[in-house]
Amino acid sequence: MARARGRAIPVVVALLTLQVGAVGAVLAQAGPAVASAPAASPATALRITEGRVGEVGPGGTLFYPAVTSCLTVTVRLADGGLIGAHASLFQVPGEYRSDRILAAVKQRIGARAVRAVEVRGAVGAWHPSYFSRAIESYPEGAQVPVPTEPDPDGLARAVADGLGQPRAEVTVQDLPDGDQTVK
């Protein structure tokens, strides 16, 4: 009996390791753990690629490369700092999905005062619901909402709600196909 238990323990450990690995892989799909951690001392210039969130201190610059079907969300803090997110229609492996990115920005804001929120990019490609349910979260064959026309007010409401900010603080501008620099 003791001999059988001795052989069973390594098998159980191996199975648990596989299960934990599978759970870890599923959790990793929700978003990167390090992208939302507040910076100890924000950079003065930062490049934010698809699915990422970052921050610069007062006087800093955010650079969002290749904004084609994406939206950028820039939070102007009362102290002059900037928090930025580059929301992608489809999740970039290892980065935030569209339905997780606003929560990461909100976490980064913390208790700090917000002066304004600017949303820029391919406004006509985005349905406001993509911030609450990412395109890739729908099961195969499910009806995914598709915008029939640009909805800047709907996007502003979705971003305001996702960040817990007043709707009046959020502006939306259609700026597709290019790089964006925010100072």
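Please refer to the structure placed before this passage.
The paragraphs below set out a description of the structure included in this document.

### Quick notes on the packing of aromatic side chains
Scanning all chains against the criterion turns up two aromatic pairs. Residues W126 and F131 carry aromatic rings whose centres are separated by 5.2 Å and whose planes lie at 25° to one another, so their mutual orientation is stacked. Members of the aromatic cluster, joined through ring pairs, are W126, Y130 and F131. Of note, R133 hangs over the ring of Y138, and the distance from its end group to the ring centre comes to 4.0 Å.

### Quick look at helix α3 (residues 152-163)
With 12 residues, α3 should reach 16 Å at 1.5 Å per residue; the first-to-last C-alpha distance of 16 Å fits that figure. Taken together, the buried positions of α3 are occupied by G154, L155, A156, A158, V159, A160 and L163. Here the buried face of α3 lies against β3 (71-77), α2 (101-109), β5 (114-121) and β6 (170-174). Directly after α3, the chain includes G164, whose backbone phi takes a positive value near 70°.

### Topic: α2
Within α2 the residues assigned to the buried category are I101, L102, A104, V105, R108 and I109. All buried residues of α2 fall inside an arc of 160° around its axis, so they share one side. Lining the buried residues of α2 we find β2 (53-67), β3, β4 (82-87), β5 and α3.

### Structural notes on the environment of T49
Of note, T49 is situated in the loop between β1 (43-47) and β2. In this structure the C-alpha to C-alpha distance between T49 and P65, which are 16 residues apart in sequence, comes to 6.3 Å. Residues contacting T49, with those up to four places away along its chain left out, are P65 and H86.

### A closer look at the pattern of salt bridges
Summed over all chains, the structure comprises nine salt bridges. Across the pair E55 and R112 runs a salt bridge whose closest N-O atoms are separated by 2.7 Å. With a gap of 57 residues between them, E55 in strand β2 and R112 in the loop between α2 and β5 connect regions that are remote in the sequence. For E55, a relative accessible area of 6% gives the class buried. Residue classification places R112 among the partly exposed residues on the basis of a relative accessible area of 32%. R97 serves as the salt-bridge partner of D99, at 2.7 Å between the closest nitrogen and oxygen. Here R97 falls in the buried class, since its relative accessible area comes to 15%. Through salt bridges that share partners, E55, R108 and R112 make up one connected network.

About the thresholds
Residues numbered from 1 in each chain as written. Predicted model: local features only at pLDDT ≥ 70, side-chain atom pairs only at ≥ 80, totals over all residues. Heavy atoms only, no water. Phe/Tyr/Trp six-rings, centres within 6.5 Å; stacked < 30°, edge-to-face > 60°. Lys NZ or Arg CZ within 6 Å of the ring centre and 35° of its normal. Helix = DSSP H or I, 4+ residues; strand = E, 2+ residues; numbered from the N terminus. Expected span 1.5 Å × (residues − 1). Buried < 20%, exposed > 50% of the residue type's maximum accessible area, 1.4 Å probe, protein only. Contact = heavy atoms within 4.5 Å. Arc of directions from axis to C-beta. Salt bridge = Lys/Arg side-chain N within 4 Å of Asp/Glu carboxyl O.

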